[in-house]
Amino acid sequence: MSDETLWLGQRRDDGQAAKLPARALLRHVMALGSSGSGKTVLCKVVVEEAVRSGIPVICVDPQGDLCSLVEAATDPEALARHGIDPEVAREFAERADVVIFTPASPKGVPLCADPVDPKLPKLAPAERLQALTRTAGMVTSLLGFDVDSDDGAGLVAVLDGVLGEMLDAGRDASLAALGEALLEHEKDGFAKLSRYLDPKKIRTACQRLARLDVGARRLLFHEGVPIDVDVLLGREEKSRSDDRIRVSVVYLNTLGSQDDKDFVVAALADRLYSWMLEHPSPEPQALFYIDEVSPFIPPVRKPACKEGLQLLFKQARKYGVCCLMATQNPGDVDYRAMAQFGTWALGRLTTRQDLKKIEPSIKSLDPVHSDALLSALPGLRPGQFTLLSPDHFESALPLQVRWLLSEHQTFDEERIERVADERWRERFAPLTGGRGAASAGDRAEPTPEAEPESVAPEPIRPPKAKPESVAPEPIRPPKAKPAPPASVLDEADAEERFTPIPPTVDDPPPAIAPTVAMTHVVPLPPSPVPAPVAAPRARRSTPPPHPRPLPPPHPRPPPRPIPTSKPCVAWPRRRA
């Protein structure tokens, strides 16, 4: 391993191959450049060279650009045209075992993370205390408390104490065990914990802790392959694929919130830190790569993963764990974390704030040529970098990044699912323990619906004949009753029958029978009713009341006398 070198590309000054010793990874590598400068391609080149050197890699992919490492470059003419031997690309495809893990999602290989590491009891006492504090801060952030606030600090102290009691009692370390331990303290009203935080707020934290195990968020903690560094590095027997070098890509776009992404990165950093304490090595034995690291280790805010990453950057080199970070915003990264990196790849940077941010680090790495290097950064083209590594290069190395041995594409969840069905489902099924998505062969195919029994169709009957139309009968006038004969009527009846009765006031006037037969009667419009005319108002005979007399004017006070004790001095006029 000491003689291994990483072929990054060609020198821009003389065209010779630009190679970086593999041991330079122990001092960590930082790639800086604006969007489109080629920093992600440079980091993927480092990953490919690490695989060729036998170093397994854990990649954190926030956007899907690293998932395309699974697709080998298959066009030999394009490779040869860009100076790549097709045989080298074929050897890389055969040696690399790229697996895409998807937290809280069955699209790829499902990945879950318990906030409480089950290996906490195995740590040394000093390391265990630090791990308990980091775990308490991680759980506090998951519960929605700000770690920097007074309530957040109090809850960290509460969880730290409860976790310590659990380990001292020999209980299992898990999130469920932590919830049970807090419920035991609730019986006495959190009397022992009230000196750290108000019992009401502790009870609120217990309620939020119980809700973590319900709904879709349960997938993040319990469904899938638990985070295990041996599995991610390909050292676990059940998931190994011959002697190939594992490249584990953790795809974060399946998580909906930044807090969940911070938690996954924090769990990875915490598990990796515990693993390297158990497996120290003077040689590079693992590479941890985060693309676009600025949201996870900002200068002011303190997300759940910041403390774990800072600790990893400080101590990982002593245990053979290498770190590779990339960002397009150097001003958004904590300067204390950037100071831990010994090799810098500087791409195109155009803003004054970014140049000011990296100026102290550039002067410390190359104090003689720092001004010339900073002035040349805005003019660099995509794929061009200035490589600074004082431990291995006497001066800055002008670098042109080589062509990739794999495809450079952006994967979405649908494409990840198709690749997972072809390559990883069956291999990682024993590690899920019945959790997560089933393999492609185990998925239940839709059962065809049972066909209904054949029933003989009913005979077609001719339509009923409509009855013939019958002409309607003519309307006949009612028969008039025959008048009684005149002989039957006596004189009294005749007088009573034909004598008119005078109308009363309430009865309407009798209708006048028409004397001429009319074939059509046109109704006349009703005559307009004249509006009532208002009677003129009578004039008032009484005169209007006399207006109220005005009050007499208020007497003005007498003028104040001018005091005569001091003579009045007239100032002389100013001449024009």
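All values reported here derive from a predicted model rather than from experimental measurement. (Residues numbered from 1 in each chain as written. Predicted model: local features only at pLDDT ≥ 70, side-chain atom pairs only at ≥ 80, totals over all residues. Heavy atoms only, no water.)

So, the overall build of the chain
In plain terms, the rule: Runs of H or I in DSSP of at least four residues are treated as helices and runs of E of at least two as strands, each being numbered from the N terminus. In this analysis, two residues are considered to be in contact whenever any of their non-hydrogen atoms come within 4.5 Å of each other. Computed with the Shrake-Rupley method and a 1.4 Å probe, the accessible areas treat only the protein chains shown as cover for residues.
Across its full length, the chain carries 17 helices and 13 strands. In the chain, of all internal contacts separated by at least 6 residues, the share reaching a separation of at least 24 is 73%. For the chain, the accessible area works out to roughly 35,400 Å², and carbon and sulfur atoms hold 55% of it.

Quick notes on unusual backbone geometry
Filter applied, for reference: Throughout this description, buried means an accessible area under 20% of the type-specific maximum (1.4 Å probe, protein chains only), exposed means over 50%, and partly exposed covers the range between.
Positive phi outside glycine occurs at H28, with the angle close to 70°. Looking at where H28 falls in the secondary structure, it is placed in the loop between β2 (17–21) and β3 (29–32). Among the residues examined, H28 registers a relative accessible area of 0% and is labelled buried. Not every positive phi belongs to a glycine, and A104 is a case in point at roughly 60°.

Observations regarding the pattern of salt bridges
Test applied: Each salt bridge in this description consists of a side-chain nitrogen of Lys or Arg and a carboxyl oxygen of Asp or Glu lying within 4 Å of one another.
Scanning all chains against the criterion turns up 26 salt bridges. R27 is paired through a salt bridge with D391; the nearest N and O atoms lie 2.9 Å apart. Separated by 364 residues along the polypeptide, R27 in the loop between β2 and β3 and D391 in the loop between β12 (384–388) and β13 (397–401) bring together distant segments of the chain. By relative accessible area, which is 36% here, R27 ends up partly exposed. For the salt bridge of E417 with K107, the shortest nitrogen-to-oxygen distance reads 3.5 Å. Of the two residues, E417 is situated in helix α15 (residues 413–423) and K107 in the loop between β5 (96–103) and β6 (109–112); the sequence distance between them amounts to 310 residues. Under the relative-accessibility criterion, E417 is labelled partly exposed at 23%. For K107, a relative accessible area of 23% corresponds to the partly exposed category.

With respect to the side chain of D114
As a reminder of what qualifies: All tallies of charge rest on Lys and Arg as positive and Asp and Glu as negative; His and the ends of each chain are not included. What qualifies as a polar contact is a pair of N or O atoms within 3.5 Å, subject to a donor-acceptor requirement within protein and to the restriction that residues adjacent in sequence count only when both atoms come from side chains.
When you line up the elements, D114 lands in the loop between β6 and α4 (125–142). Buried charge D114 goes without a salt bridge, the closest partner of opposite sign being R271 at 5.6 Å. Among the polar contacts listed, one links the side chain of D114 to the backbone nitrogen of L175, at a separation of 3.1 Å. Residues in contact with D114, not counting those within four places in the same chain, are S174, L175, F221, F263 and R271.

Re empty space enclosed by the protein
As a reminder of what qualifies: Here a cavity denotes a set of grid points, spaced 1 Å apart and computed over the protein atoms alone, in which a 1.4 Å probe fits but from which it cannot get out, and a pocket denotes an open set meeting protein on both sides within 12 Å along at least five of seven lines; residues with an atom within 4 Å of a point are reported as lining. Grid points are joined across faces, edges and corners, and a volume is the space filled by probe spheres set on the points. For this classification, the nonpolar set comprises Ala, Val, Leu, Ile, Met, Phe, Trp, Tyr, Cys and Pro, the charged set comprises Asp, Glu, Lys and Arg, and every other residue, Gly included, is treated as polar.
For the coordinates displayed, the defined rule picks out one cavity of 30 Å³ or more. The computed volume of the largest cavity comes to approximately 80 Å³. Forming the walls of the largest cavity are 14 residues, and the residues nearest its centre are L8, V29, L42, V46 and L387. Of all the secondary-structure elements, those providing two or more residues to the lining of the largest cavity are β1 (5–11), β3, α1 (39–52) and β11 (343–346). Among the elements that take part in the lining of the largest cavity, α1 stands out by supplying three residues, more than any other. Across the lining of the largest cavity, the residue classes tally to 13 nonpolar, one polar and no charged.

Observations concerning the packing of α1 against helix α3 (residues 86–95)
Operational definition: For every element, the axis is a line fit to its C-alpha atoms; helices are fit only across the contacting stretch, and the angle between N-to-C directions ranges from 0 to 180 degrees. Here is the rule for angles: anything less than 35 degrees is roughly parallel, anything more than 145 is roughly antiparallel, 65 through 115 is roughly perpendicular, and the remaining ranges are oblique.
Contact geometry of α1 with α3 gives a least axis separation of 10 Å together with a crossing angle of 75°. Relative to α3, α1 is oriented roughly perpendicular. For the pair α1 and α3, contact is made by E48, V51 and R52 and by V88, F92 and R95, respectively. A per-class count over the contact of α1 with α3 returns three nonpolar, no polar and three charged.

Digging into the side chain of T254
Here T254 shows up in the loop between β8 (245–251) and α10 (258–278). Classification of T254 by relative accessible area gives buried; the value is 16%. Excluding residues within four positions of it along the chain, T254 makes contact with T102, P103, S105 and E413.

Thoughts on the state of the cysteines
When the sulfur atoms of two cysteines share a covalent bond, that bond is a disulfide. Rules: Pairs of cysteine sulfur atoms within 2.5 Å are identified as disulfides in what follows.
Taken as a whole and assessed by the stated rule, the structure comprises zero disulfides. The thiol of C322 is unpaired, and the distance to the nearest cysteine sulfur, on C323, comes to 7.5 Å.

Description of α1
Keep this limit in mind: Multiplying 1.5 Å by the helix residue count minus one yields the expected span of that helix.
If you check α1, its first and last C-alpha atoms are 20 Å apart, about what 14 residues at 1.5 Å a residue would give, namely 20 Å. The element α1 is largely enclosed, with a buried count of twelve among its 14 residues. Among the residues of α1, K39, T40, L42, C43, K44, V45, V46, V47, E48, E49, A50 and V51 are the ones counted as buried. Where α1 ends, the next residue or the one after it, G54, has phi of about 85°, a positive value.

Here we look at helix α6 (residues 175–186)
Across its twelve residues, α6 extends 17 Å between first and last C-alpha, which sits within 8% of the 16 Å expected from 1.5 Å per residue. Buried within α6 we find L175, A177, L178, G179, A181, L182 and H185. Residues of α6 that are buried in the fold lie against α4, α5 (150–168) and α7 (199–211).

Regarding the nonpolar core
Test applied: Each nonpolar core is a collection of buried residues, namely Ala, Val, Leu, Ile, Met, Phe, Trp, Tyr and Cys, held together in the definition by side-chain atoms within 4.5 Å.
Formed by 159 residues in total, the largest nonpolar core has its most connected members in L309 and I358. Ranked by residues supplied to this core, first place goes to α10 with eleven residues. Residues contacting L309, with those up to four places away along its chain left out, are V265, A269, F288, I290, F296 and I297.

With respect to the environment of D61
If you trace the backbone, D61 turns up in strand β4 (residues 57–61). What makes D61 buried here is its relative accessible area of 0%. Measuring from C-alpha to C-alpha, the distance between D61 and I290 comes to 6.8 Å, with 229 residues separating the pair along the chain. When sequence neighbours within four positions are dropped, the list of residues in contact with D61 reads L66, C67, V249, V250, Y251 and L252. At 3.0 Å, the side chain of D61 forms a polar contact with the backbone nitrogen of L66. Within the local environment of D61, its side chain forms a polar contact with the backbone nitrogen of C67, the two atoms lying 3.3 Å apart.

Observations regarding the packing of aromatic side chains
Just so we agree on the cut-off: Between the rings of Phe, Tyr and Trp (Trp by its six-membered ring), a pair exists once the centres lie within 6.5 Å; its type follows the angle of the planes, with under 30 degrees stacked, over 60 edge-to-face, and the other angles tilted. For a ring to carry a charge above it, either NZ of a lysine or CZ of an arginine must fall within 6 Å of the ring centroid while also lying within 35 degrees of the normal to the ring plane.
Per the stated rule, a full pass over the model turns up three aromatic pairs. Aromatic pair F101 and F428: ring centres 5.7 Å apart, planes at 85°, arrangement edge-to-face. Pair noted here: F101 is in strand β5 and F428 is in helix α16 (residues 425–432), with a separation of 327 residues, a long-range link. Residue classification places F101 among the buried positions, given a relative accessible area of 0%. Ring geometry for F313 versus F341: centroids 5.2 Å apart, planes at 65°, classification edge-to-face. Placement of F313 in helix α11 (residues 306–315) and of F341 in the loop between α12 (335–338) and β11 is noted, with a sequence separation of 28 residues between them. Each member of the pair F313 and F341 is classed as buried. Between R208 and the ring centre of F145, over which it is positioned, the NZ or CZ distance is 4.8 Å.

All quantities given are derived from atomic positions and should not be read as evidence of function.
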